[in-house]
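# Observations on the three-dimensional arrangement
The primary structure of each chain is shown beneath.
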Amino acid sequence: MTETVTIKGEQLKRLVEMKFWEIEDALEELVEEVELELDENGKDKHFIQIYDFTASLTTITCHETGYHFHWGSSTPVEIKTIVEDIMDGE
């Protein structure tokens, strides 16, 4: 049985910032840019955006019960693997 943990507010913001920094460091030579968009509307939804050299945009939507990947149409498998590993805590 999988237990769902809810992380809200400042704890969620800090967790997303930590994941952003890990992704940014890991992809430094592999992508053009990694951006962080923190929620300013109190909805506890934050976004990590990755612009790779294939001109694809990958967005990771982070919210209080998890995250979702929205992969770019040409995002390389190497980048996907690194990002998935970081987000899964590996």
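Please refer to the structure placed before this passage.
Residues numbered from 1 in each chain as written. Predicted model: local features only at pLDDT ≥ 70, side-chain atom pairs only at ≥ 80, totals over all residues. Heavy atoms only, no water.

### Quick look at the pairing of strand β2 (residues 46–52)
Among the seven residues in β2, five count as buried, and that is most of the element. Note: strand β1 (residues 31–37) against β2, six bridges, orientation antiparallel. Its bridge partner being in β2, Glu-37 is matched across the sheet by Phe-47. Looking at chain direction, β2 and strand β3 (residues 57–63) are connected through six bridges and run antiparallel. Paired with Ile-48 across the bridge in β3 is Ile-60. Between β2 and β3, which pair antiparallel in sequence order, lie four residues; one of them, Ala-55, sits at a positive phi of approximately 70 degrees. (Buried < 20%, exposed > 50% of the residue type's maximum accessible area, 1.4 Å probe, protein only. Helix = DSSP H or I, 4+ residues; strand = E, 2+ residues; numbered from the N terminus. Pairing = 2+ DSSP bridges.)

### Description of the nonpolar core
Formed by 15 residues in total, the largest nonpolar core has its most connected members in Ile-23, Leu-27, Val-34, Ile-48, Ile-50, Ile-60 and Val-83. Breaking this core down by element, the ones donating at least two residues are α1 (9–26), β1, β2, β3 and α2 (77–87). If sequence neighbours within four positions are ignored, Ile-50 has contacts with Ile-23, Leu-27, Val-31, Glu-33, Val-34, Ser-56, Leu-57, Thr-58, Ile-60 and Val-83. (Core = buried A, V, L, I, M, F, W, Y, C linked by side-chain atoms within 4.5 Å. Contact = heavy atoms within 4.5 Å.)

### Details of unusual backbone geometry
Phi at Asp-44 takes a positive value of approximately 50 degrees, unusual for a residue other than glycine. On the secondary structure map, Asp-44 appears in the loop between β1 and β2. Unlike most non-glycine residues, Ala-55 shows phi in positive territory, near 70 degrees. Relative to the helices and strands, Ala-55 resides in the loop between β2 and β3.

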